[in-house]
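Each chain is listed here by its residues.
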Amino acid sequence: MNYRIVIQILGLILTFLGLAMLVPLPFSFYYNSGDHLGIIYSSIITVSVGLSAFLSMRRKSLDAKLDIRPKEGFAIVGLAWILMSAFGSLPFMLSGAIPNFTDAYFETMSGFTTTGASTLTDVEAVSKGIIFWRSFTHWLGGMGIIVLSIAILPFLGVAGMQLFKAEVPGPTADKLTPRITETAKILWGVYLLLTALQTVLLIFGGMNLFDSLCHTFGTIATGGFSIKNTSVAYYHSPFIEYVIIIFMVLSGMSFSMHYNLLRGHAKSFFKNEESRFFILIILVSSLIITFDVFNLKIANLVDSFRHSLFQVSSVITTTGYGTSDYEQWSISSQIILLLLMYIGGGAGSTAGGMKVVRVQLLIKFAYSEIKRLIHPKAVIPVRINGNPVDKTIMTHISVFFVVYIMIAT
C-alpha cells in the first residue's frame, strides 16, 4: 500500500474540515453564544494537524502521476470517517457543550454519517455556534467531504476514480463526465443548488436564516438533526412540512438524475426505473398509512395524509425528522415504516438503506431464477432501464444484501 498518498489525502481532508469549522462563527458572534473560542481552537488544531500530514508526505515533484488503487481508496475512505469524527468532536468538547469524548465522538460520527442518533436530551439548550456545527456535520457528510476532495485531486497529480468508487453510495460509480473530478464538481453543484433553494423556501415559510439553514442541512443530507426538541413539529406549519417533504424526496433520489433534469433531459426521470419505483413506494405507503391514521381518528383526512407522507418520506430517505408520534399508529403502519427503513433511498443520493435499485434488482433476480426453474434452457437476463445487468454486479448485490441483513439483525 502507498501509505504516503493515504496520509497525504487524509491530511488534505482534515485541512478542509478545520476550515469548515469556522463556518459557524458568524452565528456564534451574532447570537453571542460564547462558544467562539472553542470553535476557533478546534479549527487551529485540525488545520495544523492536516497541513502537517499533507506537507510532510508531499512529493518534491508533482510531475509523477499518483494512482489510487482500490486498497488505498478503501483505506482513505475508512480512515477519513474515523479521523473526521475524532477532530470534528473538538468543538463539542472545547466549548463544553459535550465535555465527554465518547459522547462528543458519537454525536460527530452520527452527524458525518447522517445517521441522526443523538446523545443530547435538550438540543435547544446548546449554544448556537455548536448546534450549527452539529447540523453542518450533516451537510458535510451528506455528499461527502471526500467527494469534494476528489474535485481538487489533480492539484496533487492524483487520479481519484478508486476513491470515488469507495465512497459512492450505490452498486456502481456513475460518472457524468469522462473526468471524475468534473463529476465531483457537478454533484457538489447540484448539492449546493438544492441547499440554496430549500433555505430560501423555508425562510419564506417563516423560519429565520439560522433555523432554515440547520434544517436544510439535515434535509439535503437526509440526516435529521433538528435544533428543536420536537423536531419539525415545533413549527406547526403545513407549508414548512411540505417543503421538507419535497426536498427529502429529492435528496433521496440520484443527484446524477437531478443534473440531467437541469440540463433539460426530463425524460431521464421517466425512463429511470429506480426513480419511478421510489416514488411509487412513497405514494402507496403514504396512502395505506393515511387511511389507517384516519380510521384511528388521530387526525382528519388532510392532516392524516400530510403526517403520513412526511413520516414515510422521512423514514425511506433515512432522514429521521418527525411531525407526529407514529407509536400511536397501528402495528401494520409501524411495520411498513420499518420495511421502508431497510429499503432506503436511491443510489447516488444522500439517503441510507440498501438503496431502491438493489431491492429492485434482487426482486428481478429472484423472479428470473423462478422462471429459470420452469424453463431451464431459457436465457433470462436481469435488466434495469432496459440494460442487462452484469452477473458480477448481481453477485455483489446479493453479498451486500446478506451482509446488510446480518448486521441489521
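Residues numbered from 1 in each chain as written. Predicted model: local features only at pLDDT ≥ 70, side-chain atom pairs only at ≥ 80, totals over all residues. Heavy atoms only, no water.

A. Focus on the overall build of the protein chain. Of the regular secondary structure elements, the protein chain holds 19 helices and four strands. Counting across all 409 residues of the protein chain, residues that qualify as buried make up 50%. Long-range contacts, defined as pairs at least 24 residues apart, comprise 69% of the intrachain contacts of the protein chain with a sequence gap of at least 6. Put simply, the protein chain shows about 18800 Å² of open surface, and 67% of that area lies on carbon and sulfur atoms. (Helix = DSSP H or I, 4+ residues; strand = E, 2+ residues; numbered from the N terminus. Buried < 20%, exposed > 50% of the residue type's maximum accessible area, 1.4 Å probe, protein only. Contact = heavy atoms within 4.5 Å. Areas by Shrake-Rupley, 256 points an atom, 1.4 Å probe, with all protein chains shown as cover.)

B. Here's a closer look at the side chain of histidine 307. Along the chain, the position of histidine 307 falls in helix α16 (residues 301-316). Judged by relative accessible area, which is 16%, histidine 307 ranks as buried.

C. How the structure looks around the nonpolar core. If you look at the biggest cluster of nonpolar residues, it comprises 78 residues, and the most contacted ones within it are Leu17 and Leu340. Sequence-distant contacts of leucine 340, that is, excluding residues within four places in its chain, are made with Ile281, Ser285, Val312, Val315 and Ile316. Among the nonpolar cores identified, the runner-up in size contains nine residues, and Val357, Ile384, Val389 and Ile397 belong to it. (Core = buried A, V, L, I, M, F, W, Y, C linked by side-chain atoms within 4.5 Å.)

D. Representation of helix α19 (residues 391-408). Between its first and last C-alpha atoms α19 spans 26 Å; for 18 residues at 1.5 Å apiece the expected length is 26 Å, and the two agree. Its side-chain oxygen at 2.8 Å from the backbone nitrogen of threonine 392, aspartate 390 defines the N-terminal cap of α19. (Expected span 1.5 Å × (residues − 1). Polar contact = N/O pair within 3.5 Å; in protein donor to acceptor, adjacent residues only side chain to side chain.)

E. Layout of unusual backbone geometry. One non-glycine residue, histidine 236, adopts positive backbone phi at about 50°. Within the secondary structure layout, histidine 236 lies in the loop between α11 (209-220) and α12 (238-251). By relative accessible area, histidine 236 is classed as exposed at 70%. Although it is not a glycine, lysine 297 sits at a positive phi angle of roughly 60°. Looking at where lysine 297 falls in the secondary structure, it is placed in the loop between α15 (273-295) and α16. Judged by its relative accessible area of 74%, lysine 297 is exposed.

F. Structural context of the side chain of serine 349. Residue position: serine 349 is located in the loop between α17 (331-343) and α18 (356-374). Within the structure, the side chain of serine 349 is placed 2.5 Å from the backbone oxygen of glycine 346, a separation counted as a polar contact.

G. Quick peek at the packing of helix α1 (residues 3-20) against helix α3 (residues 36-57). Viewed as axis vectors pointing N to C, α1 and α3 meet at an angle of 155°, and their least axial separation amounts to 7 Å. One element, α1, and the other, α3, form an angle in the roughly antiparallel class. Remark: the crossing between α1 and α3 carries left-handed chirality. In this structure, α1 uses Arg4, Ile7, Gln8, Gly11, Leu12, Leu14, Thr15, Leu17, Gly18 and Leu19 to contact α3, whose residues at the interface are Ser43, Thr46, Val47, Val49, Gly50, Leu51, Ala53, Phe54 and Met57. Residues belonging to the contact of α1 with α3 are distributed by class as follows: eleven nonpolar, seven polar and one charged. (Axes fitted to C-alpha atoms, helices over the stretch in contact; angles between N-to-C directions. Parallel < 35°, antiparallel > 145°, perpendicular 65-115°, else oblique. Left-handed = near helix turned anticlockwise from the far one by under 90°. Nonpolar A, V, L, I, M, F, W, Y, C, P; charged D, E, K, R; others polar.)

H. Spotlight on the environment of isoleucine 281. Considering the arrangement of structural elements, one finds isoleucine 281 in helix α15. When the C-alpha positions of isoleucine 281 and leucine 340 are compared, they lie 8.6 Å apart, and in sequence the two are 59 residues distant. The residues contacting isoleucine 281, other than those within four sequence positions of it, are Ile316, Leu340 and Ile343.

I. The arrangement of the pattern of salt bridges in detail. Under the criterion given, the structure shown has five salt bridges. Between glutamate 273 and lysine 364 there is a salt bridge, with its nearest N and O atoms 2.5 Å apart. With glutamate 273 in helix α15 and lysine 364 in helix α18, this pair connects stretches of sequence that are 91 residues apart. Given the relative accessible area of 17%, glutamate 273 is considered buried. Looking at lysine 364, the relative accessible area reads 26%, which means it is partly exposed. With a shortest N-O distance of 2.4 Å, arginine 372 and glutamate 369 are connected by a salt bridge. Of this pair, arginine 372 and glutamate 369 both sit in helix α18, three residues apart, which is roughly one turn of the helix. Judged by relative accessible area, arginine 372 falls into the partly exposed class, the value being 27%. Among the residues examined, glutamate 369 registers a relative accessible area of 33% and is labelled partly exposed. A single salt-bridge network, built from bridges that share partners, covers Glu241, Asp303 and Arg306. (Salt bridge = Lys/Arg side-chain N within 4 Å of Asp/Glu carboxyl O.)

J. Representation of the confidence of the model for the protein chain. When pLDDT is averaged along the protein chain, the result is 85, and 88% of the positions lie at 70 or above. With pLDDT under 50 throughout, residues 60-65 is counted as low confidence; its partners more than four residues away or in other chains account for four contacts. Considering only residues more than four positions removed or in separate chains, one finds that residues 154-160, a stretch of pLDDT under 50, has 24 contacts. (pLDDT = per-residue confidence, 0-100.)

K. Spotlight on the packing of aromatic side chains. Counting across every chain of the model gives 22 aromatic pairs. Centre to centre, the rings of phenylalanine 132 and phenylalanine 217 are 5.5 Å apart; their planes meet at 80°, and the pair counts as edge-to-face. Here the residue phenylalanine 132 occupies a position in helix α7 (residues 128-143), and phenylalanine 217 occupies one in helix α11, the gap between them amounting to 85 residues. In this arrangement the basic side chain of lysine 128 is found over the ring face of tyrosine 31, its NZ or CZ atom lying 5.2 Å from the centre. (Phe/Tyr/Trp six-rings, centres within 6.5 Å; stacked < 30°, edge-to-face > 60°. Lys NZ or Arg CZ within 6 Å of the ring centre and 35° of its normal.)

L. Just the environment of phenylalanine 305, in detail. Position of phenylalanine 305 relative to the elements: it lies in helix α16. The residues touching phenylalanine 305, leaving out its near neighbours within four places in the chain, are Tyr242, Leu287 and Thr290.

M. Region of the structure containing the packing of α15 against α16. Where α15 contacts α16, the axes come no closer than 8 Å and their chain directions differ by 135°. It follows that α15 is oblique to α16 by the angle criterion. Along this stretch, α15 crosses α16, giving a crossing that reads as right-handed. For the pair α15 and α16, the contacting residues are Phe278, Ile281, Ile282, Ser285, Ser286, Leu287, Ile289, Thr290, Phe291, Val293 and Phe294 in the first and Leu301, Ser304, Phe305, Ser308, Leu309, Val312, Ser313 and Ile316 in the second.

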